[in-house]
Protein chains: 2
Amino acid sequence: MARSTAGQTGIAGRIDAANREALRRMLAADPVLVDVVPAHSVMPALAERTILHAGPPIGWERMCGPMRGAVAGIAVFEGWAKDLDEAEALARDGAFTFDANHHHDAVGPMTGMTTRSQMVMVVENRAFGNSTYCTINEGLGKVMRFGGNDPEVLTRLRWLKDVLGPALGRALRDCGGVPLKNLVARGLTMGDEMHQRNVACSGLFLRAIAPALARTSDDRGRLAEALAFIAANDQFFLNIAMALGKAIMDPVRNIDGSSVVTAMSRNGTDFGIRVSGCGDEWFTAPVEQPRGLYFPGYDEADANPDMGDSTIVETIGLGGFAMAASPAVAGFVGAGSAADAALFTREMSEITLVENPEWTIPALDYQGVPSGIDIRLVADSGITPIINTGIAHRLAGVGQVGAGIVNAPLGCFTLAVRAFAGRLGVSR
Amino acid sequence: MARSTAGQTGIAGRIDAANREALRRMLAADPVLVDVVPAHSVMPALAERTILHAGPPIGWERMCGPMRGAVAGIAVFEGWAKDLDEAEALARDGAFTFDANHHHDAVGPMTGMTTRSQMVMVVENRAFGNSTYCTINEGLGKVMRFGGNDPEVLTRLRWLKDVLGPALGRALRDCGGVPLKNLVARGLTMGDEMHQRNVACSGLFLRAIAPALARTSDDRGRLAEALAFIAANDQFFLNIAMALGKAIMDPVRNIDGSSVVTAMSRNGTDFGIRVSGCGDEWFTAPVEQPRGLYFPGYDEADANPDMGDSTIVETIGLGGFAMAASPAVAGFVGAGSAADAALFTREMSEITLVENPEWTIPALDYQGVPSGIDIRLVADSGITPIINTGIAHRLAGVGQVGAGIVNAPLGCFTLAVRAFAGRLGVSR
């Protein structure tokens, strides 16, 4: 399935050998959702006033509106400020330490706030022993990941921290965890692409966890609330898929000579990628504006540019790469008909090294999702990764205004190819 | 969307007007799963020693092996016989009253046993006020609907009667019922065709009912059992889809001059159809043998001919008619690739009058499922309805051995057309 490399020698052969190892690690991954725990208990960097965000590193001064809104909101949630105004003033004064989720085994959707008191889901890659973390999906509408920060948003975050998170943790420990690889495989046969459509996987996850939730609950009112929250949120699985994506890709990092992309991520200002053979360096370019469909009352003038760590799902061949599995999402993001959906997946095959034999698409007669983005193929073809994304309002405090598609900027890949060539001692 | 009838007069115009009314009633249906109750409480005919079965009426002497096995098993379950041998002897001696489920507002999968003590799900068609009944799906493997009758089978039936049925009834009353029309619409976008693939709808149903199950349960062990049983059964929704199908089609019965099929059903020996303009008459022909894939250790020599009331789902445009929605089921039943799946749906458009605008298939760019089988179109084209079906072992007591596709026999339709023409006073 991997592109043939027989007979190649020298630099090209060395890159191909490194990429074979990268693909081997990707496909051998065994991600299992094992627990939900307070973030500070597993992420030692999460001190007081430390805020992790989506995308490559960024300071307050360059943050977009919704990310600033989320920062203010999470500071109030953590008790570091009495209200949003004080939180903003503290941020301006440099009172908070900011860093990227990706630097701490974590990912977060859209603004991607991760702080010490939040509960995080733990995905363990049992083939390699690494673990990754992501907060619990808040549902749709006015939520912190889209820049929401009012009392309704903070109340929900408290309920996730005090009720749902601990309940899910008990249930996962009780049942020994929920293996995710086959669940995603099944979701692909049910119209999910795991970025903008997660209704099937969210339902399959509820089926997997509901009996253990019941066994470990001693309050039927709270149990009913927990079940209802998961059941009412078609995107519940997104955050699980993201932790899964990072759990799969982290062991692929730092393979000398590999041109495979190990992360794509955006902070609403910059788009960044990491490449296996280039260590943990970020190659960044300005994020692009999604093209999409807007909720009633909003249009593209309201839209914030592309944001979030959720592009980790495209990095593993899902999301826009698996559009053919999800003709319904193509309509939702304004990408056209079922026939158009298949074209996106076929195009992504041009910039990837393998079709994942375990994650297949019935409508393409069980072709595997295109996986293993090679920066050389992107730079040579000019075809950039396609991403299915939610669209946040550009101002703090509003929330989601639509959904669409967006491309990773070519600039990240040309920068990366140059650095990659430099590491290999060749000019390009 | 309905085929044009403008300008037609006389008999043809009369038939078209009647069929328009039939389609109006089909599409206006509003089926809601409202309760689970003991069968005898809603089906007064269910006296002692009365056994309802799938398909058109049949007596013990002509019943196939798995149906005889199920009769013996259900008689032991009801306490009418101390063991299977005594039950068979009683059956041979005429001690049981047999009748068709369809004569009592009910449907049952495969052997379709319905007796007084079993719990039945109640689907109410709120647009027309009629209600229909179906037992709870037992899961896969050795189960009574496939002719299983050993202690494991009977123990499960007792648990459905004593634990799951009452729990589901409480939950449905608590939440005011689960509307089914949109749930099916969603399932079609998730790869279900509602006959041999119900994993999406089963998950969507669990999402809908789990919070109410939790609210109305006072024993978390039993609640966990109930959630686990539903969660582990990908075909749980089949029996709901069947009751929904009958709830939709029953108001379409007895429209003078309508050539629309209101039921298709089989008892393992005969295939029967009913036609709106022909009252409640059955038009029967010998059932055909499914062509399919067998579980390891079995082949077509083990297969019982086609059986069950489940063809009510094809009667409303689902199952084989919606194959294009479900490329995965095409593989499961041995019907070929994704491209082949679409061909089945397109062919069924040749014998139906309308595409259901509320039940659409993303992979066909949102074409509606082909609905409203017209006996004239079947007889004229020779194209017979395609059915996705489970395959039972031909001997009593074994269970399911495979899954496949089968056609309704043309003979039912030619008989029906002749009778229909006679009622209209024309020869054909």
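Everything below is about the structure printed above this text.
Residues numbered from 1 in each chain as written. Chains lettered and ligands numbered in written order. Predicted model: local features only at pLDDT ≥ 70, side-chain atom pairs only at ≥ 80, totals over all residues. Heavy atoms only, no water.

1. Quick notes on the packing of helix H3 (residues 65–77) of chain A against helix H4 (residues 84–92) of chain A
Residues and elements named next belong to chain A.
1) Next: At a minimum axis distance of 8 Å, the contact between H3 and H4 shows a crossing angle of 110 degrees. Classed by the angle they form, the pair H3 and H4 counts as roughly perpendicular. Helix-helix and strand crossings are classified by hand; for H3 and H4 the assignment is right-handed. Residues Val 71, Ala 72, Gly 73, Ala 75 and Val 76 of H3 form the contact with H4, whose own contacting residues are Leu 84, Ala 87, Glu 88 and Ala 91. (Axes fitted to C-alpha atoms, helices over the stretch in contact; angles between N-to-C directions. Helix = DSSP H or I, 4+ residues; strand = E, 2+ residues; numbered from the N terminus. Parallel < 35°, antiparallel > 145°, perpendicular 65-115°, else oblique. Left-handed = near helix turned anticlockwise from the far one by under 90°. Contact = heavy atoms within 4.5 Å.)

2. Topic: the relation of the copies chain A and chain B
1) Next: Mapping chain A onto chain B leaves a residual RMSD of 0.0 Å; the transformation is a rotation of 180 degrees accompanied by 0.0 Å of translation along its axis. The operation mapping one copy onto its partner corresponds to a two-fold rotation axis. Minimal C-alpha distance to the rotation axis in chain A is attained by Met 190 of chain A, lying at 2.1 Å.
2) Next: Comparing interface residues between copies, 100% of those in chain A also lie at the interface in chain B; the contact surface is shared. (Least-squares fit on C-alpha atoms with pLDDT ≥ 70 in both.)

3. Considerations on the sheet that holds strand S6 (residues 178–179) of chain A
All names here are of chain A.
1) Next: What the four strands build is an open sheet, ordered S5-S4-S1-S6; its pairing is antiparallel. Since the sheet does not close on itself, it has two edges, and those belong to strand S5 (130–135) and S6, each with one partner.
2) Next: Packed on one face of the sheet, helix H9 (residues 236–249) meets strand S1 (31–38), strand S4 (119–125) and S5 and runs near 155 degrees to S5. (Pairing = 2+ DSSP bridges.)

4. Some words on helix H14 (residues 410–423) of chain A
Within an α-helix, residues lying three or four positions from one another point in the same direction, as the helix has 3.6 residues per turn.
Residues and elements named next belong to chain A.
1) Next: An ideal rise of 1.5 Å per residue puts 20 Å on 14 residues; H14 measures up with 20 Å between its terminal C-alpha atoms.
2) Next: Check the buried side of H14 and you find it contacts helix H1 (10–28), strand S7 (261–267), strand S8 (270–275), strand S9 (283–286), strand S13 (367–373) and helix H13 (375–381).
3) Next: One or two residues past the end of H14 sits Gly 425, with phi positive at roughly 80 degrees. (Expected span 1.5 Å × (residues − 1).)

5. Here's the deal with the interface of chain A and chain B
1) Next: On the side of chain B, 36 residues touch chain A, which itself brings 36 residues to the contact.
2) Next: Here chain A and chain B share an interface that buries about 2700 Å² over both sides, 60% of which is from carbon and sulfur atoms.
3) Next: When the buried area of chain A at its contact with chain B is split by residue, Met 190, Arg 207 and Arg 220 of chain A rank highest and sum to 23% of it.
4) Next: Linking chain A with chain B are four salt bridges, by the criterion used here.
5) Next: A salt bridge links Asp 234 of chain B to Arg 207 of chain A; the shortest N-O distance between them is 2.8 Å.
6) Next: Seen at the junction of chain A and chain B, the total is 13 residue pairs in polar contact (both at pLDDT 80 or more). (Buried area = accessible area lost by both parts, 1.4 Å probe. Salt bridge = Lys/Arg side-chain N within 4 Å of Asp/Glu carboxyl O. Polar contact = N/O pair within 3.5 Å; in protein donor to acceptor, adjacent residues only side chain to side chain.)

6. Points about the packing of helix H7 (residues 199–215) of chain A against helix H8 (residues 220–231) of chain A
Residue and element names in this part refer to chain A.
1) Next: It is the contact of H7 with H8, at a shortest axis distance of 11 Å, that shows an interaxial angle of 170 degrees. One way to sum up the angle between H7 and H8 is to call them roughly antiparallel. The segment H7 lies against H8, with Leu 206, Ala 210, Leu 213 and Ala 214 engaging Leu 223, Leu 227, Ile 230 and Ala 231.
2) Next: Here the residues of the contact of H7 with H8 are counted per class, giving eight nonpolar, no polar and no charged. (Nonpolar A, V, L, I, M, F, W, Y, C, P; charged D, E, K, R; others polar.)

7. Observations concerning the environment of Asn 239 of chain A
Residue and element names in this part refer to chain A.
1) Next: Tracing the backbone through its elements, the reader meets Asn 239 in helix H9.
2) Next: When its relative accessible area of 1% is taken as the criterion, Asn 239 is described as buried.
3) Next: Here the alpha-carbon distance between Asn 239 and Leu 424, two residues 185 residues apart in the chain, equals 36 Å.
4) Next: If we skip the residues at most four places from it in the chain, Asn 239 touches Pro 109, Met 121, Cys 134, Thr 135, Ile 136 and Asn 137. (Buried < 20%, exposed > 50% of the residue type's maximum accessible area, 1.4 Å probe, protein only.)

8. What to know about the packing of aromatic side chains
1) Next: The final tally for this structure, using the stated rule, is eight aromatic pairs over all chains.
2) Next: An angle of 40 degrees between the planes, with centres 6.1 Å apart, marks the rings of Trp 80 of chain A and Phe 96 of chain A as tilted. With a gap of 16 residues between them, Trp 80 of chain A in the loop between H3 and H4 and Phe 96 of chain A in the loop between H4 and strand S3 (97–100) connect regions that are remote in the sequence. Each member of the pair, Trp 80 of chain A together with Phe 96 of chain A, is buried.
3) Next: Judged by centre distance (6.4 Å) and plane angle (75 degrees), the rings of Phe 96 of chain B and Phe 98 of chain B are edge-to-face. We note that Phe 96 of chain B, like Phe 98 of chain B, is buried. (Phe/Tyr/Trp six-rings, centres within 6.5 Å; stacked < 30°, edge-to-face > 60°.)

9. Things to note about the pattern of salt bridges
1) Next: If you walk through the whole model with that rule in mind, you get 44 salt bridges over all chains.
2) Next: Ionic pairing is found between Asp 234 of chain B and Arg 186 of chain A, a salt bridge with its closest N-O pair at 2.5 Å. Separated into two different chains, Asp 234 of chain B in the loop between helix H8 (220–231) and helix H9 (236–249) and Arg 186 of chain A in helix H6 (residues 181–188) make up a pair that spans both.
3) Next: Judged by relative accessible area, which is 28%, Arg 186 of chain A ranks as partly exposed.
4) Next: Between Asp 374 of chain A and Arg 376 of chain A there is a salt bridge, and its shortest N-O distance comes to 2.8 Å.
5) Next: Under the relative-accessibility criterion, Asp 374 of chain A is labelled buried at 1%.
6) Next: Where salt bridges share partners, they join Lys 246, Asp 250, Arg 253 and Asp 280 of chain A into one cluster.

10. Considering the side chain of Asn 388 of chain A
Residues and elements named next belong to chain A.
1) Next: Note on placement: Asn 388 falls in strand S14 (residues 386–392).
2) Next: On the accessibility criterion, Asn 388 (0% relative accessible area) is buried.
3) Next: When neighbours within four sequence positions are excluded, Asn 388 is seen to be in contact with Glu 193, His 195, Gln 196, Glu 314, Gly 319, Gly 320, Met 323, Val 329, Val 333, Gly 404 and Ile 405.

11. Describing the sheet that holds strand S11 (residues 307–308) of chain B
All names here are of chain B.
1) Next: Taken in spatial order, the four strands of this open sheet run S9-S8-S7-S11, and their pairing is antiparallel. Here the strands that pair on one side only, and so sit at the sheet edges, are strand S9 (283–286) and S11.
2) Next: With four bridges joining them, strand S8 (residues 270–275) and S9 adopt antiparallel strand pairing. Looking across to S9, one finds that Phe 271 is bridged to Ala 285.
3) Next: Where helix H14 (residues 410–424) meets the sheet, it contacts strand S7 (261–267), S8 and S9, and its direction lies at approximately 155 degrees from that of S9.

12. Observations concerning H7 of chain A
All names here are of chain A.
1) Next: Over its 17 residues, H7 extends 24 Å from the first C-alpha to the last, a length consistent with the 24 Å expected when each residue adds 1.5 Å.
2) Next: Its axis deflected by about 40 degrees at Ile 209, H7 carries its strongest bend there, up to four residues before the proline Pro 211.
3) Next: Of all 17 residues making up H7, 15 are buried, and the element is well covered by its neighbours. (Bend = angle between axes of the 7 residues up to and from the residue.)

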